[in-house]
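Secondary and tertiary structure notes
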Amino acid sequence: MSPTSTTVELFDQYVMPTYGRFPLQLARGAGSRIWDEAGREYLDFGAGIAVTSVGHCHPKVTARMTEQMATLVHTSNLYYTRPQGELAKRLVEIVGAPGKIFFCNSGAEANEALYKLARKFGNETNGFAHPNAGTSNPDAPLRRGIVTMLGSFHGRTLGGIAATGQDKVKKGFEPMVEGYRHIAFNDVAALSDAMEDPDTAAVLLEPIQGEGGIHAADAAYLRGARAICDQRSCLLMFDEVQCGLGRTGDWNGWDSLAPDIKPDAVSWAKGIAGGFPVGAVWVSARLVQMRSGEVKPLCDLLGQGSHGTTFGGTPLMCVGALEVLSIIEREHLLENVRQQGRHAVAGLQALHSVWIREIRSVGLMIGIEMVADFASRCMLPAGKAPSIFLVERLHEAGLLTIPSGTHTLRWLPPLNVSEADIDEAIQILGGVLSALPQV
Ligand SMILES: Cc1ncc(COP(=O)(O)O)c(C=O)c1O
(Lines give C-alpha, C1' and ligand atoms only; values in the text may rest on other atoms or scores of the structure.)
Protein backbone atom coordinates (compact mmCIF):
# COMPACT_ATOMS: atom_id res chain seq x y z
CA MET A 1 0.00 0.00 0.00
CA SER A 2 1.54 3.29 -1.05
CA PRO A 3 1.77 6.31 1.24
CA THR A 4 -0.64 8.01 -1.14
CA SER A 5 -3.42 5.45 -0.51
CA THR A 6 -6.83 6.99 -0.02
CA THR A 7 -8.64 6.54 3.28
CA VAL A 8 -11.05 4.15 1.58
CA GLU A 9 -8.13 2.06 0.29
CA LEU A 10 -6.66 1.90 3.80
CA PHE A 11 -9.99 0.66 5.14
CA ASP A 12 -10.39 -1.85 2.32
CA GLN A 13 -7.05 -3.39 3.14
CA TYR A 14 -6.78 -3.02 6.92
CA VAL A 15 -10.16 -2.51 8.59
CA MET A 16 -12.51 -5.44 9.08
CA PRO A 17 -15.60 -5.05 6.94
CA THR A 18 -18.18 -5.10 9.76
CA TYR A 19 -19.83 -1.87 8.59
CA GLY A 20 -21.45 -0.94 5.33
CA ARG A 21 -19.91 2.53 5.01
CA PHE A 22 -21.07 5.47 2.96
CA PRO A 23 -18.23 6.85 0.82
CA LEU A 24 -17.62 9.93 2.97
CA GLN A 25 -14.18 10.51 4.43
CA LEU A 26 -14.77 12.84 7.34
CA ALA A 27 -11.95 14.87 8.79
CA ARG A 28 -13.15 17.69 11.04
CA GLY A 29 -16.23 18.79 12.97
CA ALA A 30 -17.54 21.88 14.77
CA GLY A 31 -21.01 22.18 16.31
CA SER A 32 -23.61 20.74 13.95
CA ARG A 33 -21.21 20.83 10.97
CA ILE A 34 -18.72 18.30 9.71
CA TRP A 35 -16.21 18.52 6.83
CA ASP A 36 -14.80 15.82 4.60
CA GLU A 37 -11.17 15.45 3.52
CA ALA A 38 -11.81 17.57 0.47
CA GLY A 39 -13.14 20.37 2.67
CA ARG A 40 -16.81 19.89 1.75
CA GLU A 41 -19.19 20.92 4.55
CA TYR A 42 -22.19 18.87 5.72
CA LEU A 43 -24.92 19.53 8.24
CA ASP A 44 -24.69 16.59 10.66
CA PHE A 45 -28.17 15.48 11.71
CA GLY A 46 -26.90 12.12 12.95
CA ALA A 47 -24.46 13.53 15.53
CA GLY A 48 -22.54 10.26 15.14
CA ILE A 49 -25.60 8.23 16.00
CA ALA A 50 -27.00 10.40 18.81
CA VAL A 51 -23.52 10.81 20.30
CA THR A 52 -22.14 14.35 19.89
CA SER A 53 -24.97 15.78 21.98
CA VAL A 54 -23.47 19.27 22.38
CA GLY A 55 -22.09 19.33 18.84
CA HIS A 56 -18.71 18.37 17.46
CA CYS A 57 -15.71 19.57 19.46
CA HIS A 58 -17.61 21.85 21.84
CA PRO A 59 -14.89 24.32 22.95
CA LYS A 60 -15.73 23.94 26.66
CA VAL A 61 -15.60 20.14 26.53
CA THR A 62 -12.37 20.31 24.56
CA ALA A 63 -10.83 22.74 27.06
CA ARG A 64 -11.90 20.74 30.13
CA MET A 65 -10.69 17.44 28.66
CA THR A 66 -7.43 18.97 27.43
CA GLU A 67 -6.75 20.27 30.94
CA GLN A 68 -7.51 16.82 32.38
CA MET A 69 -5.27 15.18 29.74
CA ALA A 70 -2.40 17.12 31.26
CA THR A 71 -3.44 16.25 34.82
CA LEU A 72 -4.48 12.59 35.02
CA VAL A 73 -5.87 10.53 32.15
CA HIS A 74 -6.24 7.16 33.78
CA THR A 75 -5.81 5.24 36.93
CA SER A 76 -7.14 1.88 37.91
CA ASN A 77 -10.48 1.38 39.59
CA LEU A 78 -8.40 0.00 42.46
CA TYR A 79 -8.24 3.66 43.56
CA TYR A 80 -10.60 6.57 44.10
CA THR A 81 -10.72 9.52 41.69
CA ARG A 82 -12.81 12.65 42.33
CA PRO A 83 -14.35 13.07 38.83
CA GLN A 84 -15.85 9.54 38.94
CA GLY A 85 -17.52 10.23 42.28
CA GLU A 86 -18.86 13.56 41.06
CA LEU A 87 -20.20 12.16 37.79
CA ALA A 88 -21.88 9.29 39.65
CA LYS A 89 -23.59 11.81 41.96
CA ARG A 90 -24.77 13.87 38.97
CA LEU A 91 -26.22 10.82 37.21
CA VAL A 92 -28.05 9.71 40.36
CA GLU A 93 -29.52 13.24 40.60
CA ILE A 94 -30.61 12.98 36.96
CA VAL A 95 -32.55 9.79 37.66
CA GLY A 96 -34.00 11.45 40.74
CA ALA A 97 -34.07 8.39 43.00
CA PRO A 98 -31.51 6.87 45.36
CA GLY A 99 -29.12 4.49 43.66
CA LYS A 100 -25.56 3.97 42.50
CA ILE A 101 -23.64 4.06 39.21
CA PHE A 102 -21.29 1.65 37.43
CA PHE A 103 -19.10 3.06 34.64
CA CYS A 104 -18.02 1.29 31.47
CA ASN A 105 -17.23 2.20 27.87
CA SER A 106 -20.18 1.59 25.55
CA GLY A 107 -23.89 0.90 25.37
CA ALA A 108 -23.49 -2.83 24.82
CA GLU A 109 -21.26 -3.00 27.87
CA ALA A 110 -23.70 -0.97 29.97
CA ASN A 111 -26.41 -3.45 29.02
CA GLU A 112 -24.12 -6.35 29.96
CA ALA A 113 -24.08 -4.92 33.47
CA LEU A 114 -27.88 -4.96 33.42
CA TYR A 115 -28.00 -8.62 32.32
CA LYS A 116 -25.58 -9.54 35.08
CA LEU A 117 -27.63 -7.56 37.60
CA ALA A 118 -30.74 -9.47 36.49
CA ARG A 119 -28.95 -12.83 36.81
CA LYS A 120 -27.70 -12.00 40.32
CA PHE A 121 -31.15 -10.80 41.27
CA GLY A 122 -32.75 -14.02 40.02
CA ASN A 123 -30.07 -16.33 41.41
CA GLU A 124 -29.39 -14.79 44.78
CA THR A 125 -32.51 -12.95 45.91
CA ASN A 126 -36.14 -13.72 46.59
CA GLY A 127 -37.05 -10.42 44.92
CA PHE A 128 -37.77 -7.05 46.47
CA ALA A 129 -37.92 -6.97 50.25
CA HIS A 130 -41.37 -6.48 51.72
CA PRO A 131 -41.76 -4.22 54.75
CA ASN A 132 -42.80 -7.33 56.70
CA ALA A 133 -39.74 -9.25 55.48
CA GLY A 134 -38.65 -12.49 57.03
CA THR A 135 -40.04 -14.44 54.09
CA SER A 136 -36.73 -15.38 52.56
CA ASN A 137 -36.69 -18.80 50.99
CA PRO A 138 -33.32 -20.31 50.07
CA ASP A 139 -35.06 -23.11 48.15
CA ALA A 140 -37.32 -20.95 45.96
CA PRO A 141 -36.81 -21.68 42.24
CA LEU A 142 -34.07 -19.61 40.58
CA ARG A 143 -35.24 -16.98 38.09
CA ARG A 144 -33.03 -16.51 35.08
CA GLY A 145 -35.21 -15.13 32.29
CA ILE A 146 -35.01 -11.62 30.84
CA VAL A 147 -37.93 -10.42 28.75
CA THR A 148 -37.02 -7.99 25.94
CA MET A 149 -38.93 -6.47 23.04
CA LEU A 150 -39.27 -7.29 19.35
CA GLY A 151 -37.65 -4.55 17.29
CA SER A 152 -35.28 -3.63 20.12
CA PHE A 153 -31.54 -3.11 19.86
CA HIS A 154 -29.22 -3.63 22.82
CA GLY A 155 -25.74 -3.95 21.33
CA ARG A 156 -23.38 -6.37 19.65
CA THR A 157 -21.88 -8.45 22.43
CA LEU A 158 -23.09 -12.06 22.70
CA GLY A 159 -25.44 -10.94 25.49
CA GLY A 160 -26.50 -7.91 23.45
CA ILE A 161 -27.45 -9.88 20.35
CA ALA A 162 -29.29 -12.44 22.47
CA ALA A 163 -31.24 -9.59 24.12
CA THR A 164 -31.91 -7.75 20.86
CA GLY A 165 -35.31 -8.54 19.34
CA GLN A 166 -34.11 -8.63 15.72
CA ASP A 167 -33.04 -11.84 13.99
CA LYS A 168 -30.56 -10.13 11.67
CA VAL A 169 -28.08 -9.42 14.49
CA LYS A 170 -28.09 -13.07 15.65
CA LYS A 171 -27.48 -14.74 12.31
CA GLY A 172 -24.33 -16.85 12.28
CA PHE A 173 -23.61 -16.40 15.97
CA GLU A 174 -25.67 -19.26 17.35
CA PRO A 175 -25.97 -20.66 19.94
CA MET A 176 -27.41 -17.62 21.62
CA VAL A 177 -26.82 -16.87 25.29
CA GLU A 178 -29.80 -18.46 27.00
CA GLY A 179 -32.53 -16.82 28.97
CA TYR A 180 -33.91 -14.08 26.69
CA ARG A 181 -37.49 -13.99 25.47
CA HIS A 182 -38.76 -11.38 22.99
CA ILE A 183 -42.33 -10.14 23.03
CA ALA A 184 -44.33 -7.48 21.16
CA PHE A 185 -43.34 -3.93 22.17
CA ASN A 186 -45.92 -1.62 23.67
CA ASP A 187 -48.37 -4.47 24.34
CA VAL A 188 -49.32 -4.76 28.01
CA ALA A 189 -51.19 -8.03 27.47
CA ALA A 190 -48.11 -9.63 25.85
CA LEU A 191 -45.98 -8.48 28.75
CA SER A 192 -48.45 -9.73 31.30
CA ASP A 193 -48.56 -13.17 29.58
CA ALA A 194 -44.77 -13.39 29.37
CA MET A 195 -44.46 -12.55 33.05
CA GLU A 196 -46.60 -15.57 33.94
CA ASP A 197 -43.41 -17.54 33.38
CA PRO A 198 -42.03 -18.03 36.90
CA ASP A 199 -38.49 -18.04 35.46
CA THR A 200 -38.66 -14.31 34.64
CA ALA A 201 -36.32 -12.09 36.65
CA ALA A 202 -36.36 -8.88 34.63
CA VAL A 203 -37.79 -6.86 31.76
CA LEU A 204 -35.49 -4.76 29.58
CA LEU A 205 -36.88 -2.19 27.18
CA GLU A 206 -36.03 1.01 25.33
CA PRO A 207 -38.67 3.61 26.26
CA ILE A 208 -38.18 4.85 22.69
CA GLN A 209 -36.85 2.28 20.25
CA GLY A 210 -34.10 4.01 18.29
CA GLU A 211 -32.50 1.52 15.89
CA GLY A 212 -35.98 0.03 15.48
CA GLY A 213 -37.14 3.27 13.79
CA ILE A 214 -38.18 5.74 16.57
CA HIS A 215 -41.10 4.00 18.22
CA ALA A 216 -42.08 5.40 21.61
CA ALA A 217 -43.77 3.33 24.30
CA ASP A 218 -47.17 4.62 25.48
CA ALA A 219 -47.36 6.05 28.97
CA ALA A 220 -49.94 3.39 29.86
CA TYR A 221 -47.55 0.68 28.69
CA LEU A 222 -44.67 1.95 30.82
CA ARG A 223 -46.97 2.27 33.84
CA GLY A 224 -48.34 -1.21 33.15
CA ALA A 225 -44.80 -2.61 32.92
CA ARG A 226 -43.92 -0.97 36.24
CA ALA A 227 -47.02 -2.42 37.93
CA ILE A 228 -46.48 -5.93 36.52
CA CYS A 229 -42.82 -5.95 37.53
CA ASP A 230 -43.79 -4.87 41.04
CA GLN A 231 -46.47 -7.56 41.31
CA ARG A 232 -44.03 -10.24 40.17
CA SER A 233 -41.06 -8.79 42.04
CA CYS A 234 -39.12 -8.48 38.79
CA LEU A 235 -36.67 -5.80 37.71
CA LEU A 236 -37.83 -3.14 35.26
CA MET A 237 -34.71 -2.05 33.34
CA PHE A 238 -34.61 0.74 30.75
CA ASP A 239 -32.07 0.91 27.95
CA GLU A 240 -31.62 4.68 27.59
CA VAL A 241 -28.44 4.37 25.54
CA GLN A 242 -30.00 6.28 22.63
CA CYS A 243 -32.97 8.09 24.18
CA GLY A 244 -31.44 9.17 27.49
CA LEU A 245 -29.67 12.24 28.88
CA GLY A 246 -31.54 14.99 27.12
CA ARG A 247 -32.35 13.71 23.66
CA THR A 248 -36.10 13.66 24.28
CA GLY A 249 -36.22 17.09 25.95
CA ASP A 250 -36.05 15.60 29.44
CA TRP A 251 -33.03 14.17 31.21
CA ASN A 252 -34.57 10.73 31.08
CA GLY A 253 -36.35 9.35 28.02
CA TRP A 254 -39.07 7.83 30.18
CA ASP A 255 -39.73 11.25 31.77
CA SER A 256 -40.97 12.44 28.37
CA LEU A 257 -43.50 9.60 28.35
CA ALA A 258 -44.42 8.60 31.91
CA PRO A 259 -42.60 10.85 34.40
CA ASP A 260 -44.45 9.32 37.36
CA ILE A 261 -42.59 6.01 37.19
CA LYS A 262 -38.99 4.98 37.85
CA PRO A 263 -37.23 1.89 36.57
CA ASP A 264 -35.03 -0.29 38.79
CA ALA A 265 -32.00 0.10 36.54
CA VAL A 266 -30.95 2.20 33.53
CA SER A 267 -28.17 1.95 30.94
CA TRP A 268 -26.65 4.96 29.14
CA ALA A 269 -23.87 5.58 26.64
CA LYS A 270 -23.77 7.50 23.34
CA GLY A 271 -24.40 11.14 24.31
CA ILE A 272 -22.84 11.22 27.77
CA ALA A 273 -19.42 12.60 26.97
CA GLY A 274 -19.67 14.51 23.71
CA GLY A 275 -18.21 11.71 21.60
CA PHE A 276 -15.77 10.20 24.05
CA PRO A 277 -16.63 6.50 24.64
CA VAL A 278 -18.49 6.16 27.91
CA GLY A 279 -21.16 3.83 29.20
CA ALA A 280 -22.88 3.89 32.56
CA VAL A 281 -25.54 2.11 34.54
CA TRP A 282 -27.75 3.38 37.35
CA VAL A 283 -29.18 0.82 39.76
CA SER A 284 -31.84 1.65 42.32
CA ALA A 285 -31.32 1.48 46.07
CA ARG A 286 -34.63 -0.43 46.51
CA LEU A 287 -34.16 -3.18 49.03
CA VAL A 288 -33.96 -6.78 47.96
CA GLN A 289 -34.17 -9.88 50.07
CA MET A 290 -31.25 -12.23 49.67
CA ARG A 291 -31.92 -15.96 49.77
CA SER A 292 -29.73 -15.98 52.83
CA GLY A 293 -32.26 -13.72 54.56
CA GLU A 294 -30.12 -10.58 54.46
CA VAL A 295 -31.80 -7.43 53.13
CA LYS A 296 -29.66 -5.09 51.01
CA PRO A 297 -30.00 -2.37 48.36
CA LEU A 298 -30.27 -3.62 44.79
CA CYS A 299 -27.41 -1.25 43.87
CA ASP A 300 -25.07 -3.24 46.12
CA LEU A 301 -25.94 -6.59 44.54
CA LEU A 302 -23.06 -6.46 42.04
CA GLY A 303 -20.47 -6.44 44.81
CA GLN A 304 -16.69 -6.62 44.94
CA GLY A 305 -15.20 -8.86 42.28
CA SER A 306 -18.52 -9.45 40.50
CA HIS A 307 -18.07 -6.95 37.67
CA GLY A 308 -15.54 -4.47 36.34
CA THR A 309 -13.66 -3.00 33.42
CA THR A 310 -10.20 -1.43 33.11
CA PHE A 311 -11.20 1.86 31.51
CA GLY A 312 -14.62 2.49 33.11
CA GLY A 313 -14.89 5.81 34.93
CA THR A 314 -11.45 7.07 34.03
CA PRO A 315 -10.90 10.71 35.11
CA LEU A 316 -10.65 11.94 31.52
CA MET A 317 -14.01 10.57 30.49
CA CYS A 318 -15.67 11.68 33.70
CA VAL A 319 -14.65 15.33 33.34
CA GLY A 320 -15.82 15.24 29.72
CA ALA A 321 -19.19 13.88 30.78
CA LEU A 322 -19.52 16.33 33.67
CA GLU A 323 -18.87 19.18 31.25
CA VAL A 324 -21.39 17.88 28.69
CA LEU A 325 -24.09 17.50 31.36
CA SER A 326 -23.34 20.93 32.74
CA ILE A 327 -23.54 22.50 29.26
CA ILE A 328 -26.95 20.85 28.75
CA GLU A 329 -28.07 22.44 32.00
CA ARG A 330 -26.40 25.89 31.70
CA GLU A 331 -27.43 26.40 28.10
CA HIS A 332 -31.03 25.21 28.74
CA LEU A 333 -30.69 22.55 26.08
CA LEU A 334 -33.60 20.41 27.30
CA GLU A 335 -35.85 23.33 26.45
CA ASN A 336 -34.07 23.75 23.12
CA VAL A 337 -34.63 20.06 22.33
CA ARG A 338 -38.37 20.39 22.93
CA GLN A 339 -38.59 23.62 20.94
CA GLN A 340 -36.48 22.49 17.98
CA GLY A 341 -38.16 19.09 18.00
CA ARG A 342 -41.56 20.78 17.58
CA HIS A 343 -40.15 23.13 14.96
CA ALA A 344 -38.67 20.23 12.97
CA VAL A 345 -41.87 18.22 12.98
CA ALA A 346 -43.96 21.25 11.95
CA GLY A 347 -41.51 21.98 9.12
CA LEU A 348 -41.47 18.36 7.96
CA GLN A 349 -45.26 18.22 7.96
CA ALA A 350 -45.38 21.48 6.01
CA LEU A 351 -43.44 19.78 3.19
CA HIS A 352 -46.68 17.87 2.46
CA SER A 353 -44.49 15.37 0.66
CA VAL A 354 -46.22 12.46 -1.05
CA TRP A 355 -43.20 10.36 -0.14
CA ILE A 356 -43.52 10.70 3.63
CA ARG A 357 -45.84 8.18 5.24
CA GLU A 358 -45.36 9.13 8.88
CA ILE A 359 -43.26 11.33 11.15
CA ARG A 360 -42.60 9.96 14.64
CA SER A 361 -40.76 11.97 17.23
CA VAL A 362 -39.96 12.60 20.85
CA GLY A 363 -37.81 15.73 21.24
CA LEU A 364 -34.86 15.41 18.87
CA MET A 365 -35.38 11.72 18.13
CA ILE A 366 -37.18 12.05 14.84
CA GLY A 367 -38.15 9.20 12.51
CA ILE A 368 -39.33 10.08 9.00
CA GLU A 369 -40.89 7.01 7.43
CA MET A 370 -41.31 6.81 3.67
CA VAL A 371 -44.33 5.35 1.90
CA ALA A 372 -44.38 1.56 1.47
CA ASP A 373 -44.24 1.66 -2.35
CA PHE A 374 -41.34 4.15 -2.44
CA ALA A 375 -38.95 1.67 -4.10
CA SER A 376 -41.28 0.77 -6.95
CA ARG A 377 -42.48 4.32 -7.56
CA CYS A 378 -38.88 5.56 -7.64
CA MET A 379 -37.77 2.56 -9.70
CA LEU A 380 -34.96 1.78 -7.26
CA PRO A 381 -32.65 -1.08 -8.25
CA ALA A 382 -33.69 -4.43 -6.73
CA GLY A 383 -32.62 -4.70 -3.11
CA LYS A 384 -31.95 -0.97 -2.68
CA ALA A 385 -33.65 0.21 0.51
CA PRO A 386 -35.38 3.59 0.23
CA SER A 387 -33.69 4.72 3.47
CA ILE A 388 -30.20 4.07 2.07
CA PHE A 389 -31.09 5.63 -1.27
CA LEU A 390 -32.31 8.78 0.45
CA VAL A 391 -29.37 8.99 2.85
CA GLU A 392 -27.07 8.93 -0.19
CA ARG A 393 -29.06 11.63 -1.97
CA LEU A 394 -28.99 13.74 1.18
CA HIS A 395 -25.23 13.34 1.43
CA GLU A 396 -24.92 14.69 -2.09
CA ALA A 397 -27.08 17.62 -0.97
CA GLY A 398 -24.94 18.24 2.16
CA LEU A 399 -26.97 16.62 4.97
CA LEU A 400 -25.96 13.61 7.10
CA THR A 401 -28.86 11.51 8.41
CA ILE A 402 -29.12 7.95 9.71
CA PRO A 403 -31.11 5.18 8.03
CA SER A 404 -33.34 3.05 10.21
CA GLY A 405 -34.57 -0.16 8.66
CA THR A 406 -35.61 0.00 5.02
CA HIS A 407 -37.98 2.97 5.01
CA THR A 408 -37.11 5.36 7.83
CA LEU A 409 -34.66 8.24 8.12
CA ARG A 410 -33.55 9.21 11.59
CA TRP A 411 -32.74 12.76 12.58
CA LEU A 412 -30.70 12.93 15.77
CA PRO A 413 -29.10 16.38 15.63
CA PRO A 414 -27.08 17.78 18.52
CA LEU A 415 -29.18 19.03 21.44
CA ASN A 416 -27.97 22.60 20.80
CA VAL A 417 -29.07 22.58 17.15
CA SER A 418 -30.41 25.95 16.01
CA GLU A 419 -33.68 26.77 14.31
CA ALA A 420 -31.69 27.89 11.25
CA ASP A 421 -30.01 24.43 11.07
CA ILE A 422 -33.40 22.72 11.28
CA ASP A 423 -34.77 24.96 8.52
CA GLU A 424 -31.76 24.19 6.36
CA ALA A 425 -32.16 20.42 6.88
CA ILE A 426 -35.86 20.62 6.00
CA GLN A 427 -35.06 22.60 2.89
CA ILE A 428 -32.45 20.02 1.82
CA LEU A 429 -34.81 17.09 2.45
CA GLY A 430 -37.66 18.91 0.69
CA GLY A 431 -35.41 19.53 -2.31
CA VAL A 432 -34.31 15.88 -2.50
CA LEU A 433 -37.89 14.58 -2.18
CA SER A 434 -39.33 16.97 -4.72
CA ALA A 435 -36.65 15.99 -7.25
CA LEU A 436 -37.75 12.33 -7.13
CA PRO A 437 -39.52 10.99 -10.21
CA GLN A 438 -43.29 11.11 -9.76
CA VAL A 439 -44.38 7.81 -11.30
C1 LIG B 1 -30.75 1.47 22.56
C2 LIG B 1 -29.33 1.02 22.33
N3 LIG B 1 -28.77 0.17 23.20
C4 LIG B 1 -27.50 -0.25 23.05
C5 LIG B 1 -26.75 0.16 21.99
C6 LIG B 1 -25.33 -0.32 21.84
O7 LIG B 1 -24.47 0.73 22.15
P8 LIG B 1 -22.93 0.66 21.70
O9 LIG B 1 -22.91 0.72 20.21
O10 LIG B 1 -22.30 1.84 22.35
O11 LIG B 1 -22.39 -0.63 22.21
C12 LIG B 1 -27.30 1.05 21.04
C13 LIG B 1 -26.52 1.47 19.88
O14 LIG B 1 -27.04 1.93 18.89
C15 LIG B 1 -28.63 1.48 21.23
O16 LIG B 1 -29.21 2.32 20.36
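Source: prediction; values computed, not measured.

Next up on the list: the domain arrangement of the protein. One frequent convention defines the size of an interface as the accessible area lost when the parts assemble. Here the protein is described as being made up of domain 1 (7–54 + 332–434) and domain 2 (66–330). For domain 1 and domain 2, the distance between their C-alpha centroids amounts to 29 Å. Between domain 1 and domain 2, the residue contacts involve 26 residues of the former and 28 residues of the latter. Buried area between domain 1 and domain 2, both sides added, is near 2200 Å², and the carbon and sulfur share of it is 61%. Applying the counting rule to domain 1 against domain 2 returns two salt bridges. Among the ionic pairs, R410 bridges to E211, the shortest N-O distance being 2.8 Å. Scanning the region where domain 1 abuts domain 2 turns up 15 residue pairs in polar contact (both at pLDDT 80 or more). Counting only elements with at least two residues in the side of domain 1 that touches domain 2, the list comes to α2 (47–50), α10 (333–350), β16 (356–362), β17 (365–370) and β20 (408–411). Per element, the largest residue contribution to the side of domain 1 that touches domain 2 is four residues, and it comes from α10.

This next bit is on the nonpolar core. Across soluble globular proteins, you tend to see nonpolar side chains buried next to one another. Of all hydrophobic cores here, the largest spans 95 residues; its most connected members are L91, L191, L222, W268, F374 and W411. Broken down by element, the residue count for this core peaks at nine residues, all from helix α9 (residues 315–330). Looking at which domains feed residues into this core, each of domain 1 (7–54 + 332–434) and domain 2 (66–330) gives three or more. Excluding anything up to four places from it in sequence, L91 contacts I101, F103, L245, W268, A280 and L325. One finds F121, Y180, A202 and L298 within the second-largest nonpolar core, a separate group that totals 26 residues.

The subject of this paragraph is helix α8 (residues 219–232). Residues lying three or four places apart along an α-helix face the same way, a consequence of the helix completing one turn every 3.6 residues. Between its first and last C-alpha atoms α8 spans 20 Å; for 14 residues at 1.5 Å apiece the expected length is 20 Å, and the two agree. Restricting attention to buried positions, one finds in α8 the residues Y221, L222, G224, A225, R226, I228 and C229. Looking one or two residues past α8, S233 carries a phi angle of roughly 55 degrees, positive in sign.

Surrounding the ligand, one finds 13 residues, the nearest of these being G107, A108, D239, Q242 and K270. Residue A108 places a main-chain N or O atom 2.8 Å away from an oxygen atom belonging to the ligand. At 3.4 Å from an oxygen atom of the ligand is found a side-chain nitrogen or oxygen belonging to E211. Within the complex, 82% of the 390 Å² of free accessible area of the ligand lies under protein. Class assignment for the residues of the shell around the ligand results in three nonpolar, six polar and four charged.

With that out of the way, let us pick up the pairing of β16. Across six bridges, the pairing between β16 and β17 is antiparallel. Within the sheet, the bridge partner assigned to S361 lies in β17 and is I366. If you look at the hairpin formed by β16 and β17, you'll find two residues sitting between the two strands, and G363 has a positive phi there, around 55 degrees.

For the rest of this paragraph, the subject is the packing of α10 against helix α13 (residues 419–434). Angle between the axes and distance between the axes are the two parameters that describe a pair of packed helices. One way to put it is that α10 packs onto α13 with a least axis distance of 10 Å and a crossing angle of 25 degrees. Classified by the interaxial angle, the pair formed by α10 and α13 is roughly parallel. The handedness of the crossing between α10 and α13 is right-handed. Residue-level inspection shows Q340, H343, A344, G347 and L348 of α10 in contact with α13, the latter providing E419, I422, D423, I426 and L429. Classifying every residue of the contact of α10 with α13 gives five nonpolar, three polar and two charged.

Ordered by their spatial adjacency, four strands build an open sheet running β1-β2-β3-β18, and the pairing between neighbours is mixed. Pairing within the sheet leaves two strands with one partner each, and these edge strands are β1 (26–30) and β18 (399–400). Looking at chain direction, strand β2 (residues 33–36) and strand β3 (residues 41–44) are connected through three bridges and run antiparallel. Across the sheet, residue I34 finds its bridge partner in β3, namely Y42. Sheet contacts for α13: β2, β3 and β18; angle to β3, the most-contacted strand, approximately 105 degrees.

The rules we used
Residues numbered from 1 in each chain as written. Predicted model: local features only at pLDDT ≥ 70, side-chain atom pairs only at ≥ 80, totals over all residues. Heavy atoms only, no water. Domains from an automatic or database assignment. Contact = heavy atoms within 4.5 Å. Buried area = accessible area lost by both parts, 1.4 Å probe. Salt bridge = Lys/Arg side-chain N within 4 Å of Asp/Glu carboxyl O. Polar contact = N/O pair within 3.5 Å; in protein donor to acceptor, adjacent residues only side chain to side chain. Helix = DSSP H or I, 4+ residues; strand = E, 2+ residues; numbered from the N terminus. Core = buried A, V, L, I, M, F, W, Y, C linked by side-chain atoms within 4.5 Å. Buried < 20%, exposed > 50% of the residue type's maximum accessible area, 1.4 Å probe, protein only. Expected span 1.5 Å × (residues − 1). Near = heavy atom within 4 Å. Areas by Shrake-Rupley, 256 points an atom, 1.4 Å probe, with all protein chains shown as cover. Nonpolar A, V, L, I, M, F, W, Y, C, P; charged D, E, K, R; others polar. Pairing = 2+ DSSP bridges. Axes fitted to C-alpha atoms, helices over the stretch in contact; angles between N-to-C directions. Parallel < 35°, antiparallel > 145°, perpendicular 65-115°, else oblique. Left-handed = near helix turned anticlockwise from the far one by under 90°.

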